[in-house]
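Descriptive structure summary
Here's the letter readout for the chains.
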Amino acid sequence: MTTTHDNPAPLVVRTEFERRAQAHYETKTQDPINLLLGEEDGLYHHHYAVGGYDKSVLEVPEPERDAAILAEMARMENEQVELVLRGLAPLSPDARVMDGGSGRGGTSFLVNRRFGCEVVGVNFCAHHIEFAERLAKEKHGCDDKVSFKFANMCDTGLPADSFDAVYTNETTMYVNPAEAFAEFARLLRPGGRYVCVTWCANDAVSTTSEAVKAIDDHYDCHINNRSDYFKALADNHLVPSQVWDLTHEAIPHWELRSQWGLRTGVEQPFLDGHRSNELNYIVVVAEYTPPA
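Now for a description of the structure that goes with this document. Counting restarts for each chain: residues are numbered from 1 in the order of the written sequence. In keeping with the model being predicted, local features are shown solely for residues with a pLDDT of at least 70 and side-chain atom pairs are shown and tallied solely at 80 or more, while totals for entire chains, interfaces and linings include all residues. Hydrogens are left out, water is left out, and the side-chain values use all remaining heavy atoms of the structure.

**Things to note about the overall build of the chain**
- What counts as a helix is a DSSP run of H or I of at least four residues, what counts as a strand is a run of E of at least two, and both are numbered from the N terminus. Counting secondary structure elements, the chain contains 11 helices and 7 strands.
- Summarising its shape, the C-alpha atoms of the chain cover approximately 60 × 45 × 40 Å along the three principal directions.
- Residues counted as buried form 54% of the 292 residues belonging to the chain.
- By definition, residues are in contact when any of their heavy atoms lie within 4.5 Å. In the chain, of all internal contacts separated by at least 6 residues, the share reaching a separation of at least 24 is 78%.
- Each accessible area value is a Shrake-Rupley result obtained with a 1.4 Å probe; residue values ignore everything except the protein chains displayed when judging cover. Accessible surface computed for the chain: about 12800 Å², of which carbon and sulfur atoms make up 51%.
- When charges are counted, neither His nor the chain ends are considered; positive counts come from Lys and Arg and negative counts from Asp and Glu. Every charge is mapped onto a representative atom, which is NZ of Lys, CZ of Arg, CG of Asp or CD of Glu. One way to put it: in the chain the 26 positive side-chain charges average out to a point 2 Å from where the 45 negative ones average out. To sort residues, take the accessible area from a 1.4 Å probe on protein chains only and compare it with the maximum for the residue type: under 20% means buried, over 50% means exposed, and anything in between is partly exposed.

What follows is the structure, given as structure tokens:
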């Protein structure tokens with residue numbers, strides 16, 4: 001990214017933690033799980049899912065069983081985006097929306113498909129940006145409305161008051177909520193909406209969860225405390241209008257994935273964390289209400 005003395009571009013990676021997080025994704029150019037899950041429909045996600053699954057896939061004999069599990073997991077991950085869509089609705093086709101931590105673009109494409117609005121995905125992984133831009137043009141034909149920017153979601157360099165909505169779909173474990181939500185408030189027009197879908201540490205139950213630590217280690221991330229999310233929302237005039245705790249509903253995804261041939265070992269910490277209520281899965285819909 002180039003800079004000028006008059007108008008320096010924000011740094012994409014600013015800290016050692018961000019360097020580790022970026023490296024985690026930049027080195028996964030051929031990660032089989034995400035690439036296989038999006039192969040059929042061109043919707044590549046870097047989030048998980050909530051709700052039940054079709055248990056008959058576990059009765060499919062080998063070697064077809066893994067393919068059946070893959071198809072069911074892809075369905076579940078696509079349906080997970082309904083959490084974002086429900087939180088954003090209603091949204092005008094003239095609206096401008098930012099996707100914070102857009103990955104390979106799966107959620108961005110579905111938001112545009114549902115509302116017809118402009119979506120700007122922000123991500124710190126260069127090969128994800130290139131991948132998503134190619135999909136927007138060649139697979140989904142929406143590159144006139146969906147674009148991607150190589151940037152840090154905490155310091156995007158985008159104009160203030162330029163978005164009607166911002167959402168993050170399981171990406172805020174790579175940011176400090178206080179810093180990220182300040183940036184989102186800066187970007188939102190008064191009355192704009194922020195939708196946050198995330199897993200978070202339930203610090204009302206435990207501040208030393210082994211499950212949370214294991215997930216952090218696996219993904220080079222930092223799972224934020226639930227209380228920190230709500231403090232950061234309040235501090236930045238993002239007023240929650242809806243809060244959904246879907247911790248119990250997040251368990252089936254990990255039960256299914258633990259039966260898959262491509263399981264990675266992180267499945268058990270997620271199951272342990274959700275079952276013990278040390279790790280929550282929440283959705284927060286908030287309105288930007290700046291002081292008069």
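**What to know about the side chain of Arg193**
- Locating Arg193 in the fold gives a position in strand β5 (residues 188-201).
- Contacts described as polar in this section are N or O atom pairs within 3.5 Å, which, within protein, must combine one atom able to donate a hydrogen with one able to accept it, while residues neighboring in sequence count only if both atoms come from side chains. A polar contact of 2.8 Å, which involves the side chain of Arg193, links it to the backbone oxygen of Ala89.

**Some thoughts on unusual backbone geometry**
- Of note, the amide linkage connecting Glu62 to Pro63 takes the cis form, showing an omega dihedral of 5°.
- Tracing the chain through its elements places Pro63 in the loop between α2 (32-37) and α3 (65-80).
- Cis geometry is found at the peptide bond from Ala89 to Pro90, where omega equals -5°.
- Along the chain, Pro90 falls in the loop between α4 (82-88) and β1 (96-100).
- Although it is not a glycine, Glu170 sits at a positive phi angle of roughly 60°.
- Secondary-structure assignment places Glu170 in the loop between β4 (163-169) and α7 (177-187).
- With a phi angle near 55°, Asp220 is a residue other than glycine that sits in the positive phi range.
- Structurally, Asp220 can be placed in the loop between α8 (210-219) and α9 (226-235).
- Look at Asp220 and you get partly exposed, because its relative accessible area is 29%.

**Considering the environment of Glu133**
- If you trace the backbone, Glu133 turns up in helix α6 (residues 126-138).
- In this structure Glu133 comes out as partly exposed when scored by relative accessible area, which is 38%.

Everything listed here is a matter of coordinates, which is why it stays silent on function.
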